[in-house]
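# Architecture and fold: a report
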Amino acid sequence: MQVKIQPSLRMGTFLLLLFLITSEEAHADFIIKNVELLIDPSSEVQRGTNVTLTCRAEISYSQGSHPNYTYIFYKDYNKPLKTSATDHLYLITDSRVGHSGRYRCAVVIEKQNKESSIKDLTVKGLQTPVLTVDKIRLTEGDDLTATCSAEGEIGSLTFFFKNASEELYSEATREHRIEQKLSLPGGTGNLFCQYSINLGSTIAFSDNSNLIKVNIQELEIKPVITVHPSTDVIEGDTISFSCTVDMLQQQNSELRIILVRGPTTLTNMTKNEYSMHAKANDSGEYECISQMGVIHKSSTVNITVQELFSVPVLSISPAQVFEGEYFIVTCQVNSFASERIQRDEIKYSIFRDDALLIREGSYSVTASKETNGKYTCKAEANVISKKSWSLVFEAKVFVSKPKITVDGPVIVGKPFRIYCHSDNGSLPIFYNLKRNHFNLNWTKVSSHHDEASFLATVSTPAEISSYWCEAKNNGPPKMSERLNASVIVPVGKPLLTVLPVPGNIKEGDNITLICGIPKGSPPISFRFYNSSNSHLHTATVTSNLSAYILTEVNRQHSGTYYCEAFNQAEETSQSDPITFKVGLAMWKKALIATFSMLLVALLVLFFMMRYKAKQGKREMAAKLSVKPASPKSDEILTLNLTNDTHYSADKVRVKDKESVWSERPLDVADQEIAGSPNEGDVEYTEVVHPQHLDPARILLRKGTDTVYSELQTSQGAAEHLNHMTMPGFIGLKS
């Protein structure tokens, strides 16, 4: 079935689509121009005030569109406080200081988002906290439960419990109240609490809470300390301590009494007394401590103990003792309590390395290695025994004869180090370096691991034996032997010699290169080089020269040569270079001379033959010029004269008569003469006149060559033409 759509229906559908598209475009056509946060009634209010935050937006949009708004409120850059699609208000009822902060709001429409500026809200007036306790009368050591509350306060709170100016407890919480068990000392307590709130940049404190007085009954457990016979005693006396408390508390099983001196607990004094023999180091403060539960109380007393005798003093004399010398060890006390003992009642003992040597106050012996050790002594009287400080005794050893040595090779002109060392001798040892009988330097050695060292130089090998050293350590000095060490003399500048001498060297000769030095300690190494720095040869010898032979040299051996020399001084010295050329061998020179002479002879022969050939040509030409003429029309050059003379390429016209030139074949003699046109030869032409010529001069031009023509009359009389000086013309004369 086919449905037919009326034109009016199609028009309605088109208008509906156009409306929907226009509505969609209008819906999307909006701009958030401004967002503002308003605080009502004010940005600074008192606690309990109702505060309203209004987010007001200024938006431009197309007529007929209805954009969807979303409002968001923020505080102190934290997470949103409120997000609403309809409500642009945020209410704070019964405001507290915890509501203080920095607020802002934002408006979101589809993908557009715009925030307001930040506004500060300040709420003043913290609520005064309230303190409550579970009891106000208690016994010392009992606990009470205290509660501090600040109803309605919000935020980060910190509560404090205090007894007068003493802080008993504190705790941070986000709750508005806190409960805690407290322990108070005996007497009367004045309890109160307080809290603070963290506002980010500042901390606000509340007023103090109500004050509660608490009565604490004190425990009568403070001990009484008694000392017998007195607090001032002498070493060796017996001293007794007793600690007592109230008889009612004495029966309590929780009661504990101890006697303490400094950090040391001496004894449990609950039932017994404490007695001891007093010593000088027992002087000081003694404390009796009674403890019941968490409560403890104490009493103290100072005890002074006088020395029965002083600590013995050990001495050894003389202060420095060398092996083989006598020394005395003495032990004595400087003071004693004369009311208790006499000096002769003090007994002495002397020990070495804790082994008893003698039960006397002095000990003498000859020093040796066996007498070295740690010495102590002990003094005794009644029940008191005291020990002296220890002394380490070591008999000094006279320094032994020192040894003098060097470190490494000794090179002339270079500093080297001299060492002096004695195998035996008590430290410190003083070493003195001498040169002959003059003191150069001294040093002190205080460790067995060290040795004396000095810097020195020598200019000749003989100077090495002028050094010696002296050692002493408060005893007689000891002298070393003179220094004995190998001395290396650096090599001098090498001299390179060539044999045979340069200028007499020929191919096939053997050349000897000799490199010698004026000085240097062997072994000496020589190196030979040519002009291209190519290494030729190295030799190590014990003499001051070395040679290298170039056998059967040729022209390629010509060039510059030099040598180097070095020894253990590690200084390389180079000679001056020598240049020579290798000449030709004698047989080559003879061959060249022979060839040269032969070449000269050939050249002389060649020129002689050439000269003779030219002479023959001239003689032949002269003969041809005087022989009788036999005029032939095909062999001679004829000249027909007319009255008028005209010139053309090959004719001469004279007064309407022509003189015609023609050539005849040349005979052998003519060919030889014609073969050298550039050699300055005279060319002769035979002319036959059939009739008499006018004696007038006729000029003939033939190229640029000057031609001498000889004209003959019919009678055979020869007339010679004069030579014209103008180039390229022929002068004719009858």
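Residues numbered from 1 in each chain as written. Predicted model: local features only at pLDDT ≥ 70, side-chain atom pairs only at ≥ 80, totals over all residues. Heavy atoms only, no water.

## Some remarks on the overall build of the chain
Keep this limit in mind: Helix and strand definitions follow DSSP, with helices as H or I runs of at least four residues and strands as E runs of at least two, each counted in order from the N terminus. For each residue, the accessible area found with a 1.4 Å probe, counting protein chains only, is set against the maximum for its type, and the residue is called buried under 20%, exposed over 50%, and partly exposed in between. Note on definitions: a residue-residue contact is assigned when non-hydrogen atoms from the two residues lie within 4.5 Å. The accessible surface values rely on the Shrake-Rupley method and a 1.4 Å probe; as for residues, cover is taken only from the protein chains in view.
If you tally the helices and strands in the chain, you get 4 helices and 60 strands. Sorting the 734 residues of the chain into buried and exposed places 35% on the buried side. Nonlocal contacts in the chain, meaning residues at least 24 apart in sequence, comprise 59% of its contacts between residues at least 6 apart. By element, 52% of the accessible surface of the chain is carried by carbon and sulfur atoms, the whole surface being about 44200 Å².

## So, the packing of aromatic side chains
This is how it is decided: Centre distance within 6.5 Å is the pairing criterion for rings of Phe, Tyr and Trp, where only the six-membered ring of Trp is used; planes under 30 degrees apart are then read as stacked, over 60 as edge-to-face, and the remainder as tilted.
One pass over the full model with this rule turns up 16 aromatic pairs. When the ring of Phe327 is compared with that of Tyr375, the centres are 6.5 Å apart and the planes differ by 90°; the resulting orientation is edge-to-face. Placement of the pair is Phe327 in strand E28 (residues 326-332) and Tyr375 in strand E32 (residues 373-381), with a sequence separation of 48 residues. The class of Phe327 is buried, set by a relative accessible area of 1%. Between Phe327 and Phe393, the aromatic rings sit 4.1 Å apart at their centres with planes inclined by 20°, giving stacked as the arrangement. Placement of the pair is Phe327 in strand E28 and Phe393 in strand E34 (residues 391-393), with a sequence separation of 66 residues. Owing to a relative accessible area of 7%, Phe393 belongs among the buried residues under this scheme. Aromatic ring contacts, followed pair by pair, group Phe241, Tyr274 and Tyr286 into a single cluster.

## So, the side chain of Ser573
We apply this condition: Nitrogen and oxygen atoms within 3.5 Å of one another constitute a polar contact, given that in protein one can donate a hydrogen and the other can accept it, and given that sequence-neighbouring residues count only through two side-chain atoms.
Among the structural elements, Ser573 can be located in strand E50 (residues 573-574). The exposure class assigned to Ser573 is buried, which follows from its relative accessible area of 16%. From its side chain, Ser573 meets the backbone oxygen of Gly492 in a polar contact 3.5 Å long. The contact partners of Ser573, leaving out residues within four places of it in the chain, are Val491, Gly492, Lys493, Pro494, Cys563, Glu564 and Ala565.

## What about the sheet that holds strand E31 (residues 362-366)?
Put simply, the rule reads: Strand pairing is defined by DSSP finding a minimum of two bridges between the two strands. Lines fitted to the C-alpha atoms define the axes, with helices restricted to the stretch that makes contact. Angles between their N-to-C directions range from 0 to 180 degrees.
Strand order in this open sheet of 3 strands is E27-E28-E31, and the pairing throughout is antiparallel. Two strands close off the open sheet at either side, each with one partner strand: strand E27 (313-317) and E31. Put simply, the sheet's adjacent strands are angled 15° from each other on average, direction ignored. Pairing between E27 and E28: 5 bridges, direction antiparallel. Among the inter-strand pairings, Val313 is bridged to a residue of E28, identified as Gln332.

## Some remarks on the nonpolar core
Here is the rule: By nonpolar core we mean a set of buried residues, namely Ala, Val, Leu, Ile, Met, Phe, Trp, Tyr and Cys, connected to one another through side-chain atoms within 4.5 Å.
Of all hydrophobic cores here, the largest spans 24 residues; its most connected members are Leu308, Phe309, Phe327, Val329, Ile346, Tyr375 and Phe393. Of all the secondary-structure elements, those providing two or more residues to this core are E28, strand E29 (347-352), E31 and E32. At 4 residues, E32 tops the list of elements feeding residues into this core. Not counting residues within four places of it along the chain, the set of residues in contact with Phe309 comprises Glu235, Val333, Ser335, Phe336, Ile341, Ile346, Ala379, Glu380, Ala381, Ile384 and Lys386. Within the second largest apolar cluster, 23 residues are counted, among which are Ile404, Val412, Ile429 and Ala452.

## Thoughts on the pairing of strand E25 (residues 284-292)
As judged from the 5 bridges shared by strand E22 (residues 256-261) and E25, these two strands associate in the antiparallel manner. When the bridges of E25 are listed, Ile258 appears paired with Ile289. What sits between the antiparallel neighbours E25 and strand E26 (residues 295-306) is a turn of 2 residues, in which Gly293 has the positive phi angle 65°.

## Here's the deal with the sheet that holds E25
With mixed pairing, 5 strands are arranged side by side in an open sheet as E20-E26-E25-E22-E23. What marks the edges here is a single partner per strand, and that holds for strand E20 (232-234) and strand E23 (264-268). Within this sheet the neighbouring strands show an average axis-to-axis angle of 30°, counted without direction. Judged from the 4 bridges that link them, E22 and E23 form a sheet pairing that is antiparallel. Looking across to E23, one finds that Leu259 is bridged to Thr267.

## As for a nonpolar patch on the surface
Just so we agree on the cut-off: Only residues whose relative accessible area exceeds 30% and that form no salt bridge enter a patch; like-charged residues are grouped when within 9 Å of one another, and nonpolar side chains (Val, Leu, Ile, Met, Phe, Trp, Tyr) when within 5 Å. Throughout this description, the term salt bridge denotes a Lys or Arg side-chain nitrogen within 4 Å of a carboxyl oxygen of Asp or Glu.
Taken together, the side chains of Phe595, Leu599, Leu603, Phe606 and Phe607 make up a nonpolar region of the molecular surface, amounting to roughly 550 Å² of accessible area. Since its relative accessible area comes to 57%, Phe595 is described here as exposed.

## Things to note about the state of the cysteines
Rule in force here: Note on disulfides: each one is a pair of cysteine sulfur atoms within 2.5 Å.
Tallied over the full model, the rule gives 6 disulfides. Note on cysteine connectivity: Cys420 is disulfide-linked to Cys469, with sulfurs 2.5 Å apart. Its S-S torsion of about -130° marks the bond between Cys420 and Cys469 as left-handed, since a negative value means left-handed. Taken as a pair, Cys420 in strand E37 (residues 416-421) and Cys469 in strand E41 (residues 467-472) lie far apart in primary sequence, 49 residues in all. One disulfide in the model links Cys515 with Cys563; its S-S distance is 2.0 Å. Between Cys515 and Cys563 the sulfur-sulfur dihedral comes to about 70°; the bridge is accordingly right-handed. In this pair, Cys515 is assigned in strand E45 (residues 511-516) and Cys563 in strand E49 (residues 559-566), connecting sequence segments 48 residues apart. With relative accessibility at 0%, the residue Cys563 sits in the buried group. Sequence-ordered numbering of the bonded cysteines in the chain gives a disulfide pattern of 1-2, 3-4, 5-6, 7-8, 9-10, 11-12.

## Here's the deal with unusual backbone geometry
Across the junction of Ser317 and Pro318, the peptide omega takes the value -5°, indicating a cis bond. Position of Pro318 among the secondary structure elements: in the loop between E27 and E28. Following Leu499, the chain continues to Pro500 via a peptide bond in cis, the omega torsion being -5°. Mapped onto the secondary structure, Pro500 falls in the loop between strand E44 (495-499) and E45. Even without being glycine, Asn382 reaches a positive phi, approximately 55°. Structurally, Asn382 can be placed in the loop between E32 and strand E33 (384-387). For Asn382, a relative accessible area of 59% translates into the label exposed.

## Focus: the pattern of salt bridges
Taken as a whole and judged by the stated rule, the model has 20 salt bridges. Its salt-bridge partner being Lys386, residue Glu235 comes within 2.7 Å of it at the nearest N-O pair. Residue Glu235 is located in the loop between E20 and strand E21 (238-244), and its partner Lys386 is located in strand E33; the two are separated by 151 residues in the primary sequence. Taken individually, Glu235 and Lys386 each receive the classification buried, so the pair is uniform in this respect. Across the salt bridge formed by Glu481 and Lys401, the nearest N and O atoms sit 2.5 Å from each other. On the criterion of sequence distance, the pair formed by Glu481 in the loop between strand E42 (478-479) and strand E43 (487-488) and Lys401 in the loop between E34 and strand E35 (403-407) is long-range, its members being 80 residues apart. Take Lys401: its relative accessible area is 44%, and that puts it in the partly exposed class. Each member of the salt-bridge network shares a partner with another, and the members are Asp94, Arg96 and Glu153.

In short, the description is geometric, and any link to function would need to be established separately.
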